[in-house]
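Topology and contacts: notes
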Amino acid sequence: MSRIPLIAGNWKMNTTVKDALSLIKNMQPGLNKIHGVEKLICPPYVSLMAAHVIMKGGSIRLGAQNVFYEEKGAYTGEISPQMLADFCDYVIIGHSERRQILGETDEMINKKAKAVIAAGIKPILCIGETLEENESDQTKEVLGRQIFTCSDKLYFLSGMVIAYEPIWAIGTGKSATGDDANRTIGFIRQFVSRLHGSGIADDVRILYGGSVSTSNITEYMKESEIDGALVGGASLKADEFVSIVKQAAEAKNH
């Protein structure tokens, strides 16, 4: 079993193209020196082409924050996987902000996963429970449903990543402890094992997300089940993101 750690920065609806390029240029020297961990940034759509140009030949991967599940057609405002394939290695699907604010369903997210993999891109499937679900002991039920609906064996064989983001921890400053996150991610891995066997479960990378920062990344990365992090606000500050990636590499390669 050899799971390469992945640290992904989700920039959400932040940065103009000019801002994005400046941020990337500030990150590149530090990130390109770090080995033993995969580094990924996900800027807004409008910056992907320009980011791809200045990142070419470097060690940082590029991803998108969302995608539509059709190849082309009358879907005003949407972006297809084929449009992203020239630029992106990864695409985030199922983020809780899209589930909650924009009404995306598990079925829609499954369609996205299938379309993304057909285009040769790796999906990062986000799953997570609300505070109410957590406090009423429904976490396993919710996560199981979200995984089961998007669990085609091909997805895992094609390199799909899972990101566990408890909704109550996203952008709130609150975060799960390393031990709590490791226990939940261990459950996710066991669930995948029940579906597709221990071989696939041992290979799938599962990230933690939710108020990840320079002060807690090492706590998460020391845990055996956690393979990286999906980083929000801290990925918009070059020094902080470089520090998070460096600490992650040191913790996993210690």
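The structure under discussion appears in the preceding block.
Rules used throughout
- Sequence order sets the numbering: in each chain, residues are counted from 1 along the sequence as written.
- Confidence filtering applies because this is a predicted model: local features only for residues at pLDDT of at least 70, side-chain atom pairs given and counted only at 80 or more, and all residues used for totals across whole chains, interfaces and linings.
- Derived side-chain values reflect all non-hydrogen atoms in the structure, with water molecules and hydrogen atoms excluded from consideration.
- What counts as an axis is a line fitted to C-alpha atoms, over the stretch in contact for a helix, and the angles between N-to-C directions run from 0 to 180 degrees.
- Helix and strand assignments follow DSSP, with helices taken as H or I runs no shorter than four residues and strands as E runs no shorter than two, numbered in order from the N terminus.
- Just so you know how the angles are binned, under 35 degrees is roughly parallel, over 145 roughly antiparallel, 65 to 115 roughly perpendicular, and the rest oblique.
- Crossing handedness is defined as follows: a turn of the near helix away from the far one that is anticlockwise and smaller than a right angle gives a left-handed crossing, while the clockwise case is right-handed.
- Contacts are assigned to residue pairs with any non-hydrogen atoms lying within 4.5 Å of each other.
- Following the grouping adopted for this structure description, the nonpolar residues are Ala, Val, Leu, Ile, Met, Phe, Trp, Tyr, Cys and Pro, the charged ones are Asp, Glu, Lys and Arg, and the polar ones are all others, Gly among them.
- Relative accessibility thresholds used throughout: buried, under 20% of the residue-type maximum; exposed, over 50%; partly exposed, between the two (1.4 Å probe, protein chains only).
- As used in this structure description, the phrase polar contact means that two N or O atoms lie within 3.5 Å; if the pair is within protein, one of them must be able to donate a hydrogen and the other to accept it, and residues adjacent in sequence are counted only when both atoms belong to side chains.
- To estimate how far a helix should reach, multiply one less than its number of residues by 1.5 Å.

Taken N-terminus to C-terminus, the directions of helix 1 (residues 17-31) and helix 12 (residues 238-253) make an angle of 30°; their axes are 9 Å apart at the nearest point. One element, helix 1, and the other, helix 12, form an angle in the roughly parallel class. The element helix 1 and its partner helix 12 pack so that their crossing is right-handed. Residues L23, N26, M27, G30 and L31 of helix 1 form the contact with helix 12, whose own contacting residues are A238, F241, V242 and V245. Its residues placed into classes, the contact of helix 1 with helix 12 shows seven nonpolar, two polar and no charged.

Attention now moves to the environment of H95. Secondary-structure assignment places H95 in the loop between strand 4 (90-93) and helix 4 (96-101). What makes H95 buried here is its relative accessible area of 5%. For the pair formed by H95 and Y164, sequence separation is 69 residues and the distance between their alpha carbons is 9.9 Å. Filtering out sequence-adjacent residues up to four positions away, H95 remains in contact with N10, K12, C126, E165 and I170. Here the side chain of H95 touches E97 through a polar contact of 3.1 Å, landing on its backbone nitrogen.

Helix length check: helix 5 (residues 106-118) (13 residues) gives 19 Å between terminal C-alpha atoms against 18 Å at 1.5 Å per residue, within 8%. All of the buried residues along helix 5 are D106, I109, K112, A113, A115, V116 and I117. The secondary structure elements touched by the buried residues of helix 5 are helix 3 (81-84), strand 4, helix 4, strand 5 (122-127), helix 7 (139-148) and helix 8 (153-157). Immediately downstream of helix 5, the backbone of G120 shows phi near 85°, a positive value.

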